[in-house]
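Overview (structure and organization)
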Amino acid sequence: MNPDPITNPLGPALRDFFISADASGHKRAYLQISEALQNPLPRVNDWRQVEYAFTRLFVGPKSLEAPPFASVYLETEPLVMGPTTMMVRSVYEMMGLVSPWKNALPEDHVSLELDAALVMENAAQQGGSAELDELRQFFVCRHMAAWIPAFVKRVSQAESAHPAIVRAAKLAGQWVDDQAVLINAQRNQHLKQGGWNG
Amino acid sequence: MDKRDAESVKQAIGCPMSRRKFLRCLAAAGALAAMPGGLLRSFDAKAGKIIYEGDYEIYRNACPRNCYDTCSIKSYVKDGVLQFIEGAKESTFTDGGLCVKGYAYTRRPYSPDRIKYPMIQDGRGSGNWRRISWDEAMDMIAKKLVEINDKDDSMLGLGLTKYSGNFGITNYAVEGMMTSLGYTTRLVGTPCWPAGIDAQNYDLGDMWCNDPEDMVNSRYIILWGANPAWNSVHTMKYIYAAQDRGAKVVCIDPVFTQTAAKADVYWQVDTSMDGALALGMARHILDKGLFDKAWVEENSVGFNEFADYLRNEITVQWASEKSGIPQQQIVEVAEEFAAAKPATIWIGYGLQRHVNGGATVRSIDALAAMTGNVGKTGGGARYGHMRTWGFNYHALLQKRPEGAKGFLGGKGPKGDFDFSGDEEAEYTDRALNINKTAEMLLTADDPPIRVLWISCKNVLSQDFDRPRMLEAFKKPELIVSVEQFFTQTVELSDIVLPVTTLFEESTINASYWHYWLSVNEQGIKPMYEAKSNTEIAAALSARMNKLKPGSCTFPTEVDTRQWMIKEFNQDIYDLFGIDSWQDLKKGPAKAKMHPASWHDLEFGTPSKKYEFRSDLCAQHGHQALPKFKAARKPYDKLRLLTPHTKFGIHSQFINIDWMEEFNKKPYCYLHPTAASERGITDGDQVRVFNKVGEVELEVKLTQNVPADVVMMYEAWFRNNAYNCQNVVDDTSSDMGKYKTGAPGVAIHDQFADVEKV
Ligand code: SF4
């Protein structure tokens, strides 16, 4: 897979998919996901059905079938804005970033986390630093990798699972896996080269 | 996250030192660039400061639920996030503690299940929901309102049902919004306490109770149909204190409650026979000459007629037969009650939810009055009060749009919280009985209810005759509900609007029980896109005026904190001994009122005395004297009781995760005798059924309920279709129309049978 987020739009497209508000947003992001892949995704005929499934899974108003927040998968109690959300907020702060929906949308929403991973990847490509590497190791390889698979599983097994959404979720899971492999490879390379020097 | 991960999180950032180190390192390296087209933004001063451990902002809140205790709350916020809450220590009533429900409050704003955005359902009940913007939602609603106004030449096709989901004073903006749109239809009355309110008004001239903190002064306490151990936990400490000082506590309830377990005497009264019991006690007190002759002569009218009635028609034996309480016990408690000075009775709301409920409360009032216990500290027939509710009702009192037309010939709606202050006008709103909502929705015509607006209420869980309600909900052309969670009512709505929790809005709260006043400050931003009821009204008004200028008088911009401030006036400041509302930021204030209601013995009745004989009551079609009134005739084999659960306030709280842990699913409770007659054993799945409908659930056998009763708690569960209103009809109680606009409802005069499935 192409590691360059500027030329590879898969990460951004996945990010946009999980935060889009309606059928047209889902469709736009889905087509972008499809374009970023070598094998295009199956056609979706009725985007309204995707939208209904999407709200049942991630938005409401009913109890969510697959909440898109890390807290739900990492904490013993199903609540947001607790330790996990605050930890993720700290990570963004460390990067000098902040969510535009601070205190209105939990920072551990899957799309915000994907965005943070993209920022980190981009910064690493611009040269990076030992601190960034450490943060990225933690955030992507440990934190995201700890909950995204559970999230993907929950989406796949949900009553309202729609094939398009399941595909997007699985791709997100794969994307995080690939990132983790890449980060570890880069780290090993840096260690071999004798560490960071700038 | 496994343990190792959790450790590494802690190491990486949990400790403020290493977190600071991290920040320093990264700051030195320069902030990372946000992605073009990405979501995260560069951190700047506008986004707020980074907060380290220990930096709490403290806010004042109040529990706005329909609970006696209306607790004063102190909340702790860090970096814009509510961390924890505690009961305010400044209020001697709250005394630094909340109940289990209160402590679970932090779970409300941050539940992933919260309603987050305005949403529309394509096909009522289909489950096909789409997210829409506030603009879209307001546009759809406003267009519909303009359309119905054009069609009917009035707004009477717009109906409002709202009750006790949020008692914050600024939430009267919902009623204000209706008024600002024209003359509308209001579902009025109250399912809660109306028969008792009327009864106390006939007897005393108002509903006004002693300060509950003054219960420590009582020498004898009768808890009559009240279960404070569950429903007013803070009052229990005064009851215990009185007990410690030698007071005897008698609990009268068909169900052996947790309160009954704490009492010195427990009477398992036959349901709805409380009036007979009170009259039997009164007769014995009369016979023994234990009544307060001087008090009744000086302060009451009609006592002699009442005494004649007792002598001619009531005996202790009759009372015993009716109530199931042995004569000897009636005699003993009656004598003790009359001898103890002061003695008090707490009249619970359950015992007036009967076809004879108002008459029952009047009999109990009479018992307190004839023993001279009215107007005394430590005494009183305690029911509730609204003496501390003298706000400006700024949010409520809106002008009608020019030229608005309404209902002709009516007197306009009332309610237990009626502060409308409408001047005499040609038109009024159209009033429909809230306790017969299903029937009203089905039969209201010319115009029918075309748009139904629901706020602070879960109609499908709380209103009666649910099978009929399901039919009724098919009728309106548009149903809008304003909610925090997906209830059975939202399920049958077309549009749902997300509303703020108490932490996300500014308001004030008074109690209908104690004498404290609390300010409720907004401590956190609304999560997602939630808006307060005031902001929703403003948003709708903006859209209405855009579509049709002048069609709505509600301000289009509101500052909710300013609106909270506008509710105060000098009388409130004087009553609470404060200079400004700002004083409440330091803690709640208590009204500078005498602890005893009616302490000056100036009653609010036409005669200005306590009225054993109320001509007004007779004019209203009831009995002038507090005579016995027959109970509802059973229509099935067992009596059905649907009281409050410990884990919720009506349909609220039960869905919160901490509550779910203790209270996973509903049960019905049956006496072993009733069970064995039906071949039912503990844990069986049973069907509770009657002429209204049926409910299927697991049974628990218990001797706490009488052998002729099946009991289940009223509740709304997040993932369970349970609904006790499937087996409760909408038969009216005797009183309620006088003060609350509609009679109450005989919630506990229901009957059913049970069988194993
Ligand atoms: S539910 Fe009642 S006792 Fe519990 S916190 Fe609220 S007001 Fe207090």
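The name given to chain B in an unreviewed UniProt entry is Anaerobic selenocysteine-containing dehydrogenase, with Desulfosalsimonas propionicica as the source organism. As recorded by UniProt, the Cofactor (unreviewed entry) comment attached to chain B reads in full: "Mo-bis(molybdopterin guanine dinucleotide)".

An unreviewed UniProt entry annotates chain A as TorA maturation chaperone TorD originating from Desulfosalsimonas propionicica.

The subject of this paragraph is the interface of chain B and chain A. Each partner contributes residues to the interface: chain B has 55 residues there, and chain A has 59 residues. With both sides pooled, the region where chain B packs onto chain A buries about 5,500 Å², and carbon together with sulfur makes up 64% of that total. For the pair chain B and chain A, the number of links is 3 salt bridges. Between R89 of chain A and D79 of chain B there is a salt bridge, with the nearest N and O atoms lying 3.1 Å from each other. Applying the counting rule to chain B against chain A returns 20 residue pairs in polar contact (both at pLDDT 80 or more). For the side of chain B that touches chain A, the per-class residue count stands at 31 nonpolar, 9 polar and 15 charged. Relative to strand β1 (residues 41-42) of chain B, strand β1 (residues 97-98) of chain A is paired through 2 bridges, and the arrangement is antiparallel. Pairing of L97 of chain A across the sheet is with S42 of chain B, part of β1 of chain B.

Attention now goes to the domain arrangement of chain B. Residues and elements named next belong to chain B. Its domain assignment divides chain B into domain 1 (119-191 + 397-504 + 526-577), domain 2 (209-383) and domain 3 (638-756). Each of domain 2 and domain 3 was reduced to a C-alpha centroid, and the two centroids are 27 Å apart. Taken together, the 19 residues of domain 2 in the interface contact 20 residues of domain 3. The largest contributions to the domain 2 side of the interface with domain 3 come from W230, R353 and V355, which together make up 39% of the buried area. Across the domain 2-domain 3 interface, the total number found is 0 salt bridges. Listed by contribution, the elements that provide at least two residues to the side of domain 2 that touches domain 3 are α7 (228-231) and α15 (357-370). The greatest single-element share of the side of domain 2 that touches domain 3, amounting to 4 residues, is contributed by α15. Looking at side-chain class alone, the side of domain 2 that touches domain 3 contains 6 nonpolar, 11 polar and 2 charged residues.

In this section: the confidence of the model for chain B. Residue and element names in this part refer to chain B. Residues at a pLDDT of 70 or more form 92% of chain B, whose mean pLDDT is 93. Across residues 1-6, confidence stays below pLDDT 50; counting only partners more than four residues off in sequence or on other chains, it has 6 contacts. Contacts for the low-pLDDT stretch residues 10-17, under 50 throughout, to residues beyond four places or in other chains number 13 contacts.

In this section: the packing of helix α6 (residues 110-125) of chain A against helix α8 (residues 163-192) of chain A. In helix packing, the relevant descriptors are the interaxial angle and the interaxial distance, both defined with respect to the helix axes. Residue and element names in this part refer to chain A. Remark: α6 packs on α8, axes separated minimally by 12 Å, with the N-to-C direction vectors making an angle of 30 degrees. By the angle between their directions, the pair α6 and α8 is classed as roughly parallel. Considering the relative orientation of α6 and α8, their crossing is left-handed. Between α6, through L114, A117, L118, E121 and A124, and α8, the contact on the second element is made entirely by W175, V176, Q179, L182 and Q186. Residues of the contact of α6 with α8, tallied by class, amount to 7 nonpolar, 2 polar and 1 charged.

Let's shift gears to the site of the ligand. With respect to spatial proximity, the complete set of residues near the ligand consists of C63, C67, D69, T70, C71, C99, K101, G102, H234 and I649 of chain B. Classifying every residue of the shell around the ligand by side-chain character gives 5 nonpolar, 3 polar and 2 charged.

Let us look at the state of the cysteines. All names here are of chain B. In this structure the tally under the stated criterion is 0 disulfides over all chains. Take C209: it sits in no disulfide, and the sulfur closest to it among the cysteines is that of C192, at 13 Å. What makes C209 buried here is its relative accessible area of 0%. Unpaired in this structure, C456 has its nearest cysteine sulfur neighbour in C63, at a distance of 13 Å. According to the relative accessible area criterion, C456 is buried, its value standing at 13%.

As a further point, take helix α3 (residues 47-59) of chain A. Of all 13 residues that make up α3 of chain A, 10 are buried, and the element is covered over most of its length. Buried within α3 of chain A we find W47, V50, E51, Y52, A53, F54, T55, L57, F58 and V59 of chain A. Considering only its buried residues, α3 of chain A is in contact with α1 (10-19), α2 (23-36), α7 (130-157) and α8 of chain A together with β5 (119-121) and β6 (129-131) of chain B. Capping the start of α3 of chain A is the job of one residue whose side-chain oxygen sits 3.1 Å from the backbone nitrogen of R48 of chain A: D46 of chain A.

All names here are of chain A. Running from N to C, helix α5 (residues 83-94) and α6 cross one another at 30 degrees; their axes reach a closest spacing of 11 Å. With respect to α6, the axis of α5 lies roughly parallel. Along this stretch, α5 crosses α6, giving a crossing that reads as left-handed. For the pair formed by α5 and α6, the contact residues are V88, V91 and Y92 on the first element and L112, E113, A116 and M120 on the second. For the contact of α5 with α6, the class distribution of residues is 6 nonpolar, no polar and 1 charged.

Turning next to the sheet that holds strand β4 (residues 81-87) of chain B. Strands belonging to one sheet form pairs held by backbone hydrogen bonds; the direction of such a pair is parallel or antiparallel. All names here are of chain B. Pairing within the open sheet is antiparallel, and its 3 strands lie in the order β2-β3-β4. Strands at the two margins of the open sheet, each flanked by one partner only, are β2 (57-62) and β4. Recorded for the sheet is a direction-independent mean angle of 30 degrees between the axes of neighbouring strands. Bridge analysis of strand β3 (residues 72-78) against β4 gives 6 bridges, and the strand direction is antiparallel. When the sheet's bridge partners are listed, Y76 is paired in β4 with F84.

About the criteria used
- Residues numbered from 1 in each chain as written.
- Chains lettered and ligands numbered in written order.
- Predicted model: local features only at pLDDT ≥ 70, side-chain atom pairs only at ≥ 80, totals over all residues.
- Heavy atoms only, no water.
- UniProt positions renumbered as here; feature names shortened; annotations may be inferred.
- Contact = heavy atoms within 4.5 Å.
- Buried area = accessible area lost by both parts, 1.4 Å probe.
- Salt bridge = Lys/Arg side-chain N within 4 Å of Asp/Glu carboxyl O.
- Polar contact = N/O pair within 3.5 Å; in protein donor to acceptor, adjacent residues only side chain to side chain.
- Nonpolar A, V, L, I, M, F, W, Y, C, P; charged D, E, K, R; others polar.
- Pairing = 2+ DSSP bridges.
- Helix = DSSP H or I, 4+ residues; strand = E, 2+ residues; numbered from the N terminus.
- Domains from an automatic or database assignment.
- pLDDT = per-residue confidence, 0-100.
- Axes fitted to C-alpha atoms, helices over the stretch in contact; angles between N-to-C directions.
- Parallel < 35°, antiparallel > 145°, perpendicular 65-115°, else oblique.
- Left-handed = near helix turned anticlockwise from the far one by under 90°.
- Near = heavy atom within 4 Å.
- Disulfide = S-S within 2.5 Å.
- Buried < 20%, exposed > 50% of the residue type's maximum accessible area, 1.4 Å probe, protein only.

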